[in-house]
Number of protein chains: 2
Amino acid sequence: MTKPGPQPKIATLIDKLSQRDHVSPEEIEALRDVLGTPQEVRGGVDIVKEHAHPQQSTLLISGFSARYSSLSDGGRQITEINVPGDFIDLHSLLMKQMDHGVVALTDCVVAPAPHVKLIALTERHPHLTRLLWLDTIIDAAIHRQWLVAMGRRSGLGHLAHLICELYLRLQAVGQSGRLRFDLPLTQAVLADALGLSTVHVSRLVTELRGEGVINWSGGQVEILDWHRLAEIAEFDATYLRLQNEPV
Amino acid sequence: MTKPGPQPKIATLIDKLSQRDHVSPEEIEALRDVLGTPQEVRGGVDIVKEHAHPQQSTLLISGFSARYSSLSDGGRQITEINVPGDFIDLHSLLMKQMDHGVVALTDCVVAPAPHVKLIALTERHPHLTRLLWLDTIIDAAIHRQWLVAMGRRSGLGHLAHLICELYLRLQAVGQSGRLRFDLPLTQAVLADALGLSTVHVSRLVTELRGEGVINWSGGQVEILDWHRLAEIAEFDATYLRLQNEPV
DNA sequence: CGTCGGCTTGATAGCACTCAATGAGTGTGG
DNA sequence: CCACACTCATTGAGTGCTATCAAGCCGACG
């Protein structure tokens, strides 16, 4: 759901950026200027297609989406789950061609930011440019944590890590409650994100539930024991950079 | 080895950036201004420590280094292998705290770029800033490919993909011959990069050799059958963004 | 020539996969 | 109102890729 307020389109984005550094009114105005009319996208539909050459970047206002790559055998690997306030393809501003696709995992609302306007923004607002740059840098940091989880953690640790990450990222944009958040994703989506089979994901979720660490039903996750969850995940939130340090 | 020329320090970096967009003489001058005196680092030594708060970023001039994260059980996951011309911790400019370490895999030569000077650069050179931004964006794209390889490819495909990637990245900075390049890394390092055991890496290398796809001995890789190698890896070079498209 | 790091090979074990079937929940239409 | 179809989650059985343990090989080097 979009937060109420004078700038509903960019409220989550501003929330997130403001946790890292002060965002001036002029910068907020500049951000609002680059964003176009919000649009709805149905769950399951591609927001950006693989190998596309977008002329704009897209801000996710509400809902969940995912970066993914398709494989020749019909398989799919999700490389990041996006939450409200994320620019889902900001990197296409400079990459030009998408190296992956972005699919709406649920019904979403998105807003376009034309590349022409974003380039102009980088010419006029160096500090805001650095804040947007930082956002893509954190994407890379998230990828690295996923690599560590995939390469060296147990399946259970990997799942636990994903839950920790999503909880904190949703919290940063005011989309989670106290040790509780909506996550209306199927286990098949989780499997594609974790690089596991759906069967195994089911067993892992059951295991975390059985240990009394989380509850997960009806598309809502409840963290019953944050300490144990973080322990299983070996979670260290540094990479999400939720501290305020001027750039 | 450092390339000969008037700007030996930044020759590889300029090579790489120039493949993506024109770099003006003023921009080259600005880059040279931010870089300090090159220093040698012995193989095995950390160039940047995990959780550090660097006051400068570091350009890799020669040698190989790797981003890595340590685990509580003593294990290690390498998340990227850096080649000459790579800024190994450019993201620390905005992240402030390192979310991982960088270790010299071989003897290296590196040059520091103080954050204060880099920030000043972003204030004065928007276009060059975008080129540096793009470099960190490509790091993220490399991470994503590793995620796909780790999550959904076979061990053999994963190894093949890494070889394809390193070959093209070294080629982009003039550090590889015709289907041949130096890669003085141990199989233990490869194992930490692929998320496999050293034993299994040995078997995979043996398999690729046995199939007549590559030769690998004396720290040198020779690609005997690029087509088959790319096929095994399902390799698509888009993500390395080696095309010239102005940003 | 002995030691050492790195690579290779063999044997065994285990985590996660695939195939398969069942159950729960939801929506549709007769 | 109920039969049916469909998606999603769960559970069981058997398989396989990769880990671990262990031993041996090889080249470099003092």
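A brief structural summary. Each residue is numbered by its place in its chain's sequence as written, counting from 1. Think of it this way: whatever chain is written first is A, whatever ligand is written first is 1, and the rest follow in order. In keeping with the model being predicted, local features are shown solely for residues with a pLDDT of at least 70 and side-chain atom pairs are shown and tallied solely at 80 or more, while totals for entire chains, interfaces and linings include all residues. The basis for every side-chain value is the complete set of non-hydrogen atoms in the structure, without hydrogens or water.

## Details of the overall build of chain A
Working step 1: Helix and strand content of chain A: nine helices and ten strands.
Working step 2: When we talk radius of gyration, it's over C-alpha atoms, and the globule rule is simply 2.2 Å times the number of residues to the 0.38. Since a compact globule built from 247 residues should have a radius of gyration of about 18 Å, the 18 Å found for chain A is in line with a globular shape.
Working step 3: With respect to the three principal axes, the spread of C-alpha positions in chain A is 55 × 40 × 30 Å.
Working step 4: Each of the 247 residues in chain A was classed as buried or not, and the buried ones make up 60%.
Working step 5: Throughout, a residue-residue contact means that at least one pair of heavy atoms, one from each residue, lies within 4.5 Å. Residue pairs at least 24 apart in sequence account for 72% of intrachain contacts in chain A once pairs closer than 6 positions are excluded. Helix and strand labels come from DSSP, where a helix needs a run of H or I of at least four residues and a strand needs a run of E of at least two; each type is numbered from the N terminus. To sort residues, take the accessible area from a 1.4 Å probe on protein chains only and compare it with the maximum for the residue type: under 20% means buried, over 50% means exposed, and anything in between is partly exposed.

## Focus: the protein's contact with DNA strand C
Working step 1: Distances are taken per atom, and a residue is near a molecule or strand as soon as one of its heavy atoms is within 4 Å of it. Taken together, 14 residues form the shell around DNA strand C, and within it L196, S197 and H200 of chain A together with Q187 and R209 of chain B come nearest.
Working step 2: Of everything in DNA strand C that lies within 4 Å of the protein, sugar and phosphate atoms constitute 69%.
Working step 3: Polar contact criterion, stated in full: a pair of N or O atoms within 3.5 Å, where within protein one must be able to donate a hydrogen and the other to accept it, and residues adjacent in sequence count only if both atoms are side-chain atoms. The side chain of S197 of chain A places a nitrogen or oxygen atom 2.8 Å from a phosphate oxygen of DNA strand C.
Working step 4: Mapped by element, the contributors of at least two residues to the surface near DNA strand C are α8 (198-210) of chain A together with α8 (198-210) of chain B.
Working step 5: If you tally residues by element for the surface near DNA strand C, the top one is α8 of chain B, at five residues.
Working step 6: When residues are sorted by character, Ala, Val, Leu, Ile, Met, Phe, Trp, Tyr, Cys and Pro go into the nonpolar class, Asp, Glu, Lys and Arg into the charged class, and all the rest, Gly among them, into the polar class. Looking at side-chain class alone, the surface near DNA strand C contains three nonpolar, eight polar and three charged residues.

## Here's the deal with the protein's contact with DNA strand D
Working step 1: Of all residues adjacent to DNA strand D, which total 14 residues, the nearest are Q187 and R209 of chain A together with L196, S197 and H200 of chain B.
Working step 2: Of what DNA strand D places within 4 Å of the protein, 68% of the atoms are sugar or phosphate.
Working step 3: For DNA strand D, a phosphate oxygen lies 3.2 Å from a polar atom in the side chain of S202 of chain A.
Working step 4: Here a phosphate oxygen of DNA strand D and a side-chain polar atom of S197 of chain B are 2.8 Å apart.
Working step 5: Elements with a minimum of two residues in the surface near DNA strand D: α8 of chain A together with α8 of chain B.

## Structural notes on the relation of the copies chain B and chain A
Working step 1: We superpose the copies by least squares over the C-alpha atoms of residues that have a pLDDT of at least 70 in both of them. The transform that puts chain B on chain A rotates by 180 degrees and translates by 0.0 Å along the axis, for an RMSD of 0.0 Å. Accordingly, the operation relating the two chain copies is best matched by a two-fold axis. By C-alpha distance to the rotation axis, the residue of chain B lying nearest is A140 of chain B, at 2.2 Å.
Working step 2: Most of the interface of chain B is mirrored in chain A, where 100% of its interface residues again form contacts.

## Quick word on the nonpolar core
Soluble, globular proteins show a tendency: their nonpolar side chains are buried together.
Working step 1: Among buried residues, the Ala, Val, Leu, Ile, Met, Phe, Trp, Tyr and Cys ones that are joined through side-chain atoms within 4.5 Å form a nonpolar core. Membership of the largest hydrophobic core comes to 151 residues, with the highest contact counts inside it found for I163 of chain A together with I81 and I163 of chain B.
Working step 2: Discounting chain neighbours no more than four positions away, the residues touching I163 of chain A are F181, L208, I214, W216, V221, I223 and L229 of chain A.

## Concerning the sheet that holds strand β11 (residues 220-223) of chain B
Residue and element names in this part refer to chain B.
Working step 1: On the basis of which strands lie adjacent, the open sheet formed by four strands has the order β8-β9-β11-β10 and antiparallel pairing. Edge positions in the sheet fall to β8 (176-177) and β10 (214-217), since each has one partner strand and no second.
Working step 2: Sheet analysis places strand β9 (residues 180-182) next to β11, joined by three bridges and oriented antiparallel. Paired with F181 across the strands is V221, a residue of β11. In this analysis, strands are considered paired if DSSP registers two or more bridges between them.

## Observations concerning the pattern of salt bridges
Working step 1: Salt bridges are defined as contacts in which a side-chain nitrogen from Lys or Arg sits within 4 Å of a carboxyl oxygen from Asp or Glu. Going through the model one piece at a time under the given rule, you end up with 34 salt bridges over all chains.
Working step 2: Where D192 of chain B meets R152 of chain A, a salt bridge forms, and the shortest distance between an N and an O atom there is 3.1 Å. Placement of the pair is D192 of chain B in helix α7 (residues 187-194) and R152 of chain A in helix α5 (residues 126-152), with the two residues belonging to separate chains.
Working step 3: Overall, the relative accessible area of 16% leaves D192 of chain B in the buried class.
Working step 4: Connected through shared salt-bridge partners, K16, R20, R67, E80, D86, D135, D139, E165 and R169 of chain A make up one network.

## Examining the packing of aromatic side chains
Working step 1: Here the aromatic set is Phe, Tyr and Trp, taking the six-membered ring for Trp, and pairing holds for ring centres within 6.5 Å; pairs whose planes are under 30 degrees apart are stacked, those over 60 apart are edge-to-face, and all others are tilted. If you walk through the whole model with that rule in mind, you get nine aromatic pairs over all chains.
Working step 2: Considering the side-chain rings of W226 of chain B and F235 of chain B, the 6.3 Å spacing of their centres and the 80 degrees angle between planes classify their relative orientation as edge-to-face.
Working step 3: Here F235 of chain B falls in the buried class, since its relative accessible area comes to 14%.
Working step 4: Three or more aromatic residues link up through ring pairs in this structure, and these residues are Y167, F181, W226, F235 and Y239 of chain A.
Working step 5: By definition, being over a ring means that NZ of Lys or CZ of Arg is both within 6 Å of the ring centre and within 35 degrees of the ring normal. Between R76 of chain A and the ring centre of Y68 of chain A, over which it is positioned, the NZ or CZ distance is 5.9 Å.

## Overview of the packing of helix α1 (residues 11-20) of chain A against α5 of chain A
Residue and element names in this part refer to chain A.
Working step 1: The N-to-C vectors of α1 and α5 enclose an angle of 90 degrees; their axes lie 11 Å apart at closest approach. By the criterion of interaxial angle, the relationship of α1 to α5 is roughly perpendicular. Across from K16, L17 and R20 in α1, the residues of α5 making contact are L131, L134, D135 and I138.
Working step 2: Looking at the contact of α1 with α5 residue by residue, the classes come out as four nonpolar, no polar and three charged. Here an axis means a line fitted to C-alpha atoms, over the contact stretch when the element is a helix, while the angle between two N-to-C directions is reported on a 0 to 180 degree scale. By definition in this entry, angles of less than 35 degrees are roughly parallel, angles greater than 145 are roughly antiparallel, angles of 65 to 115 are roughly perpendicular, and the rest are oblique.

## A closer look at the environment of A120 of chain B
Residues and elements named next belong to chain B.
Working step 1: Note that A120 resides in helix α4 (residues 115-124).
Working step 2: By relative accessible area, which is 26% here, A120 ends up partly exposed.
Working step 3: Sequence separation between A120 and K49 is 71 residues; the distance between their C-alpha atoms is 25 Å.

## Some thoughts on the sheet that holds strand β3 (residues 56-62) of chain A
Residues and elements named next belong to chain A.
Working step 1: What the three strands build is an open sheet, ordered β1-β7-β3; its pairing is antiparallel. Each edge of the open sheet carries a strand with a single partner, namely β1 (39-41) and β3. The average undirected angle you get between the axes of adjacent strands in this sheet is 40 degrees.
Working step 2: In the sheet, β1 pairs with strand β7 (residues 108-114) via three bridges, with the strands oriented antiparallel. Paired with V41 across the strands is C108, a residue of β7.

Purely geometric numbers; function is a separate question.
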